[in-house]
Amino acid sequence: MKTDIVIVGAGLTGLTTAYLLARKGREVMVVEQMDKIGGQIQTYREGNFVYESGPNTGTISNPEVAELMADLEQTSGGKCMLETAPDASKRRLIWKGDRFRELPSGLMSAVTTPLFTFGDKLRILGEPWRKKGNNPDESVGSLARRRLGKSFVSYAVDPFLSGVYAGNPDTLVTRYALPKLYNLEQNYGSFVRGAIAKMREPKSDRDRLASKKVFSAVGGLSNITQSMADYLGPQRIVLGIKETKVAPTDEGWKVSYINKEGNAEQIDCKQVVTTCGAYALPEMLPFISDEAMRKLNNLKYAPVIEVSVGVKDVLGGDYQAFGGLVPTCEEQQVLGILFPSACFTGRAPEGGALFTYFIGGVRHAELLDKSDAEITALVEEYFHKMLKFPAQITPDLIRIFRHQHAIPQYEITSGERFDAIEQLQKQYRGLTIAGNLRDGIGMAHRIKQATDIANQI
């Protein structure tokens, strides 16, 4: 086979890149080792419950997200429509002691909250006048302790990073993991002063598309990836392949693999984009030197168990919040519990609720060795302990999903990896190494990266 561009991976990054290239009239093929599209994004429908096995939400943190969703609504004939979370679900909860407490959303609540010590509340008030740091590789934990205090790290930064990265604030490097936060201090000398200055900057109509709202698609995130796959058509997507190899040729590139029938196939192309995890690259890109591959493949992933839990009747309980996160210092066996049915319509029966538990992460990878029965028992324990359901009530739905390579950790080795990718792309013209091994881990990051790649190609 021959085509202009081959995309390796039919997850969000790969499908978005292929979709945008196809919209520009380019010839593109997508190859994927799974027998279905979507990658980590998979939506399930069971009775009146609609739940995800991967990402539950994204944030409209750049215009590219809003533009893609508007375009998909048009090309899908309305099958894919943006849904944003209501204001009532903005509440973030933090576990302390024996219950969830609301995370402060402003200066007054930050001063009165029981989450932070009195001394750290004074530190928060004095943050705008604190000295700027000079260590470019400072961890998020170190930066936040220096500027805001230990209790702020314990009860705000740590659970936030557990929710986003399932990671450790003292190993995640700020300029890689949270570059916007790093730049606030470096460019403005303070988080508070920087945030105020950013708010005052003039914004174009396109800038205002980045509403910062939490989003999904009506009916679940799979409607996004499925709509892009439908636009591309089955003739442009090859599923269920194995032993994928990419190699340069005199005319460009070749992508070879074994198809699901067990036959060898090859696609000749001018350009190739890989969107898979760093762990898959050594076998896929055998022409790259061992030294360069070592730098490329230096990425650690957080393992995560995700559990969807549904109840048909909340018995009057109040679950109108984004969800609750659990600080490491509280020594619990869950990272947090999201409340998807509070954020989006049609996720649970009328009067019921859908919850998503996250278990494991870099600090408790051993929990992935627990059996389904043990995980079910753990989920039910926190169903009563944290969600406060009566002892005689049990969930109506429990579905367990295990992800060994769930979330990349942007640690100290990230700079070496980013530089290696840049050098390899200069050395091998027509090769693009993409995916969440660079440019951020969130859905908005994936969409922006794909948009940039499609524009560059």
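Every value quoted in this text rests on a predicted model; they were computed, and no experiment measured them.

Analysis parameters
Residues numbered from 1 in each chain as written. Predicted model: local features only at pLDDT ≥ 70, side-chain atom pairs only at ≥ 80, totals over all residues. Heavy atoms only, no water. Pairing = 2+ DSSP bridges. Helix = DSSP H or I, 4+ residues; strand = E, 2+ residues; numbered from the N terminus. Contact = heavy atoms within 4.5 Å. Axes fitted to C-alpha atoms, helices over the stretch in contact; angles between N-to-C directions. Phe/Tyr/Trp six-rings, centres within 6.5 Å; stacked < 30°, edge-to-face > 60°. Buried < 20%, exposed > 50% of the residue type's maximum accessible area, 1.4 Å probe, protein only. Expected span 1.5 Å × (residues − 1). Salt bridge = Lys/Arg side-chain N within 4 Å of Asp/Glu carboxyl O. Patch = residues over 30% accessible without salt bridge, like charges linked within 9 Å, V, L, I, M, F, W, Y side chains within 5 Å. Areas by Shrake-Rupley, 256 points an atom, 1.4 Å probe, with all protein chains shown as cover.

*Asks:* Can you tell me about the sheet that holds strand β20 (residues 431–433), naming the residues and giving the values?
*Replies:* Taken together, the 5 strands give an open sheet; going across it, the order is β10-β2-β1-β14-β20, and neighbouring strands pair in parallel fashion. In the strand order of this sheet, the two ends are held by β10 (237–238) and β20, each with one partner. As paired strands, strand β1 (residues 5–8) and strand β14 (residues 271–274) are joined by 4 bridges and run parallel to one another. In the sheet register, Ile-5 faces β14, and the bridge partner there is Gln-271. Sheet strands touched by helix α1 (residues 12–23): β1, β2 (28–31) and β10. Its angle to β1, the strand with the most contacts, is close to 160°.

*Asks:* Can you lay out the sheet that holds strand β17 (residues 336–338) for me, pointing to particular residues and giving the numbers?
*Replies:* Taken in spatial order, the 7 strands line up as β8-β7-β16-β17-β18-β15-β19 in an open sheet, and their pairing is mixed. Looking along the sheet, the strands with just one partner apiece sit at the ends: β8 (99–102) and β19 (397–409). Neighbour-to-neighbour, the strand axes of this sheet turn through a mean angle of 30°, independent of strand direction. Pairing geometry for strand β7 (residues 92–96) and β8, over 4 bridges, is antiparallel. Considered in β8, the bridge of Leu-93 is made with Glu-102.

*Asks:* Hey, could you go over the packing of aromatic side chains for me, with residue numbers and the actual values?
*Replies:* Overall, the coordinates contain 19 aromatic pairs when judged by the stated rule. Ring geometry for Tyr-319 against Phe-389: centres 5.4 Å apart, planes inclined by 5°, an arrangement best described as stacked. With Tyr-319 in the loop between β15 (300–311) and β16 (323–325) and Phe-389 in the loop between α14 (372–385) and β19, the pair connects residues that are 70 residues apart, well separated along the chain. By relative accessible area, Tyr-319 is classed as buried at 11%. Look at Phe-339 and Phe-355: their rings are 5.4 Å apart centre to centre, the planes differ by 85°, and that puts the pair in the edge-to-face class.

*Asks:* Which residues make up helix α15 (residues 414–427), and what values go with them?
*Replies:* Across its 14 residues, α15 extends 20 Å between first and last C-alpha, which sits within 8% of the 20 Å expected from 1.5 Å per residue. Regarding α15, the residues found buried are Ser-414, Gly-415, Arg-417, Ala-420, Ile-421 and Leu-424. Structurally, α15 contributes buried residues whose contacts are with α7 (174–177), α12 (290–296), β19 and β20.

*Asks:* Talk me through the pattern of salt bridges; I want residue IDs and the actual numbers.
*Replies:* Following the criterion strictly, the structure yields 26 salt bridges and no others. Ionic pairing is found between Asp-205 and Arg-208, a salt bridge with its closest N-O pair at 2.8 Å. Exposure remark for Asp-205: the relative accessible area of 61% places this residue in the exposed category. Owing to a relative accessible area of 49%, Arg-208 belongs among the partly exposed residues under this scheme. Arg-402 serves as the salt-bridge partner of Asp-372, at 2.8 Å between the closest nitrogen and oxygen.

*Asks:* An account of unusual backbone geometry is requested, with residue identities and associated values reported.
*Replies:* With phi around 70°, Lys-212 is a residue other than glycine that occupies positive phi space. If you trace the backbone, Lys-212 turns up in the loop between α9 (191–200) and β9 (214–217). Unusually for a residue other than glycine, Glu-331 sits at a positive phi of about 55°. Examined against the element boundaries, Glu-331 turns out to sit in the loop between β16 and β17. The class of Glu-331 is exposed, set by a relative accessible area of 70%.

*Asks:* Lay out a nonpolar patch on the surface with the relevant residues and their values.
*Replies:* A contiguous nonpolar patch, built from Leu-107, Val-111, Phe-118, Leu-122 and Leu-125 and spanning about 490 Å² of accessible area, is present on the exposed surface. The set of elements that each furnish at least two residues to the nonpolar patch consists of α3 (107–112) and α4 (118–125). Residue contributions to the nonpolar patch peak at 3 residues, all from α4. When you line up the elements, Val-111 lands in helix α3. Accessibility expressed as a relative area gives 33% for Val-111, which makes it partly exposed.

*Asks:* Can you tell me about the pairing of strand β11 (residues 242–248), naming the residues and giving the values?
*Replies:* When β11 meets strand β12 (residues 253–258), the two strands line up antiparallel, connected through 5 bridges. In the strand pairing of β12, Lys-245 is matched with Ser-256. Taken together, β11 and the strand that follows it, β12, pair antiparallel across an intervening segment of 4 residues, in which Gly-252 is found at a positive phi of about 155°.

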